[in-house]
Amino acid sequence: MKSTTITHGYLRCASEKINREYGIDWIKIDLPCTVQNALYSAGIIEDPYFGDNSNKIQWISHHGWIYRIPISRTMRTSRLILHGVDYRYKVKHGQNILATHEGMFSPCIVDISSLAEKAEITVEVLPNTEDERPFIIPQMWGRKRNMRFPMSYGWDFAPKIITIGIWDTVELYESNGAYIDDVYIHGDKDGVLSVKFTAKSKIIPYNIEILVLDNDELLLSDSIDNIEIPEKEIQLSYRVPNFERWNPWDIGTPNLYTLEIRIVANGEIIGKKNERFGFVSKKMKNGRLIVNDTNIFIRGINWPPLDSMLRLEEEKYEKAIKNVLDINANLIRVWGGGLRERKIFYELTDKHGILVWQEFPFACEDVGLDKNMIRLIKDECSSIVKYIRNHPSI
């Protein structure tokens, strides 16, 4: 089992007129990378944070853009996972459409097992335009017609930069014939661990192995043997010995553990999934937040996206989280005008014991509720919950 972050690709506009006008061939980019970031890094547009330069780049989101992503795989089964693309797009191999997707926060998972070991995927991103979120009260309140982040249309503290393109990680996940999907983990303050997931295997029969690890120390192990159906939903519960609670930094230590799930067939591990988690209980009572039976005096901060062009490097997150600790805050409100943040954000809040209040992307919006929008809201909000639910800081 192998997970590889794809870090390089190429980009050009779907409009040959724009390519000629701006001298664009194929821009070599580091992934993830929005179109605005790529054009700025290539010197094609000026710094949108300077003067009125942001007004000069509104044309970018009015056009479609094409990403070329080289893939090199080595194992029996492979998935390409686009963790976040803004906003509507097709995933293609040559002229074959492998997937279509709408939604900024839900991943697009594409089975590429049938492709050659070395192949090239294209992601064709359709235009994003401001008429999808017309203002009711400029420059803030708008009518929502998509599931993008509201801040991109302009805010009282942020320029109007309607981003477009790949903003979150591109992952190649490979296995020897099995996957473990939809993992849900909850450890409570008393050491009760609840686990739910779906096992999928091309090889039958197979066994499932469960391990709970404290770094390299094995705390618990279990197995389910001789499963003879290709897809099986598993639900388990354990009481884990010798555990320590995950605590916010100001009342204790944010202890973390690893759940490892394995699918084994013919003595070989053909699928594996590792997830970090903590033992913690949280509740609201009479307007108070209680964590592990302790009343928490909340000292919170508001968290908008760190950059309007979504240049969200790991170092930028690390610096910002350090700043949160430096001002003695213990809770971050991830603002509803912004993002479902990248994975590194939640890993850092887990590690440093900072609580997270996650909002859905509906800040200051009148939401249109036609059938397509209801479907999008359900899909995107469900995806956000699944993406972050195993993190003890949530």
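Scroll up to find the structure.
From a predicted model like this one, the values you see are computed outputs, not experimental measurements. (Residues numbered from 1 in each chain as written. Predicted model: local features only at pLDDT ≥ 70, side-chain atom pairs only at ≥ 80, totals over all residues. Heavy atoms only, no water.)

*Asks:* Explain the packing of aromatic side chains residue by residue, including any values.
*Replies:* This structure, assessed with the given rule, holds 14 aromatic pairs. Between Tyr 22 and Trp 59, the ring centres sit 4.3 Å apart and the planes meet at 10 degrees, which makes this aromatic pair stacked. Placement of Tyr 22 in helix α1 (residues 16-22) and of Trp 59 in the loop between α2 (35-41) and β5 (65-72) is noted, with a sequence separation of 37 residues between them. An angle of 5 degrees between the planes, with centres 6.5 Å apart, marks the rings of Trp 303 and Tyr 317 as stacked. Taken together, the residues Trp 303 in strand β26 (residues 300-303) and Tyr 317 in helix α3 (residues 314-326) connect sequence positions 14 residues apart. Judged on exposure class, the residue Trp 303 and its partner Tyr 317 are both buried. (Phe/Tyr/Trp six-rings, centres within 6.5 Å; stacked < 30°, edge-to-face > 60°. Helix = DSSP H or I, 4+ residues; strand = E, 2+ residues; numbered from the N terminus. Buried < 20%, exposed > 50% of the residue type's maximum accessible area, 1.4 Å probe, protein only.)

*Asks:* Please give an account of the packing of α3 against helix α4 (residues 343-352) that cites residues and values.
*Replies:* Two elements in contact, α3 and α4, have axes whose closest approach is 10 Å; the angle formed by their N-to-C orientations is 35 degrees. By crossing handedness, the relation of α3 to α4 is classed as right-handed. Mapping the contact onto sequence places Glu 314, Tyr 317, Glu 318, Ile 321 and Leu 325 in α3 and Ile 344, Phe 345, Leu 348, Thr 349 and His 352 in α4. Broken down by class, the residue content of the contact of α3 with α4 amounts to 6 nonpolar, 2 polar and 2 charged. (Axes fitted to C-alpha atoms, helices over the stretch in contact; angles between N-to-C directions. Left-handed = near helix turned anticlockwise from the far one by under 90°. Contact = heavy atoms within 4.5 Å. Nonpolar A, V, L, I, M, F, W, Y, C, P; charged D, E, K, R; others polar.)

*Asks:* Which residues make up the nonpolar core, and what values go with them?
*Replies:* Leu 39, Ile 60, Trp 65, Tyr 67 and Ile 69 are the most contacted members of the largest nonpolar core, which has 40 residues in total. Grouped together as the second largest cluster of nonpolar side chains are 35 residues, Phe 149, Val 324, Ala 363 and Met 373 included. (Core = buried A, V, L, I, M, F, W, Y, C linked by side-chain atoms within 4.5 Å.)

*Asks:* A description of α3 should follow, citing residues and the corresponding values.
*Replies:* Its 13 residues place the ends of α3 18 Å apart at the C-alpha level, agreeing with the 18 Å of an ideal helix rising 1.5 Å per residue. Along α3, the residues that are buried comprise Tyr 317, Ala 320, Ile 321 and Val 324. For α3, the angular spread of the buried residues around the axis is 100 degrees, confining them to a single face. In α3, those exposed residues whose orientation departs by more than 90 degrees from the buried face are Glu 315, Lys 319 and Asp 326. Buried-residue contacts for α3 involve β26, β27 (331-334) and α4. (Expected span 1.5 Å × (residues − 1). Arc of directions from axis to C-beta.)

*Asks:* Account for the sheet that holds strand β10 (residues 108-111), naming residues and giving values.
*Replies:* Across the sheet, 4 strands lie side by side as β1-β15-β6-β10; this open sheet has antiparallel pairing. Every interior strand has two partners, whereas the edge strands, β1 (2-5) and β10, have only one. Averaged over all adjacent pairs, the angle separating strand axes in this sheet is 20 degrees, with direction ignored. Taken together, the 4 bridges between strand β6 (residues 77-82) and β10 define a ladder with antiparallel strand orientation. Bridging from a neighbouring strand, Arg 79 pairs with Asp 111 of β10. (Pairing = 2+ DSSP bridges.)

*Asks:* An account of α4 is needed here, citing residue identities and associated values.
*Replies:* Restricting attention to buried positions, one finds in α4 the residues Ile 344, Phe 345, Tyr 346, Leu 348, Thr 349 and Asp 350. Of the surrounding secondary structure, the elements contacted by the buried residues of α4 are β26, α3, β27, β28 (355-358) and α5 (371-388). Looking at the residues trailing α4, positive phi occurs at Gly 353, about 70 degrees.

*Asks:* Talk me through the pattern of salt bridges; I want residue IDs and the actual numbers.
*Replies:* A side chain with one charge may pair with a side chain of the opposite charge, provided their charged atoms come close. On inspection of all chains with the given rule, the structure shows 29 salt bridges. A salt bridge links Glu 365 to Lys 144; the shortest N-O distance between them is 2.9 Å. One end of the pair, Glu 365, is in strand β29 (residues 365-367); the other, Lys 144, is in strand β13 (residues 141-144), and 221 residues separate them in sequence. Classification of Lys 144 as buried rests on a relative accessible area of 1%. Residue Asp 293 is joined to Lys 189 by a salt bridge in which the shortest nitrogen-to-oxygen separation is 3.4 Å. With Asp 293 in the loop between β24 (288-291) and β25 (294-296) and Lys 189 in the loop between β16 (178-187) and β17 (192-201), this pair connects stretches of sequence that are 104 residues apart. Given a relative accessible area of 54%, Asp 293 falls into the exposed group. (Salt bridge = Lys/Arg side-chain N within 4 Å of Asp/Glu carboxyl O.)

*Asks:* How would you explain the environment of Arg 79 if you had to name every residue and give the values?
*Replies:* Mapped onto the elements of the fold, Arg 79 is located in strand β6. Classification of Arg 79 by relative accessible area gives buried; the value is 13%. Note: C-alpha distance between Arg 79 and Ser 113 (34 residues apart in sequence) is 7.0 Å. In contact with Arg 79, not counting residues within four places along its chain, are Ile 109, Val 110, Ile 112, Glu 171, Leu 172, Tyr 173, Tyr 179, Asp 181 and Lys 200. Of note is the side chain of Arg 79, whose polar atom sits 2.9 Å from the side chain of Asp 181. (Polar contact = N/O pair within 3.5 Å; in protein donor to acceptor, adjacent residues only side chain to side chain.)

*Asks:* Quick one: what's the story with the sheet that holds strand β7 (residues 85-86), residue by residue and with numbers?
*Replies:* Spatially, β4-β14-β7 is the arrangement adopted by the 3 strands of the open sheet, whose pairing is antiparallel. Of all strands in the sheet, those with a lone pairing partner are β4 (33-34) and β7, marking the two edges. Pairing geometry for β7 and strand β14 (residues 165-166), over 2 bridges, is antiparallel. Across the sheet, Val 85 pairs through a bridge with Ile 166, a residue of β14.

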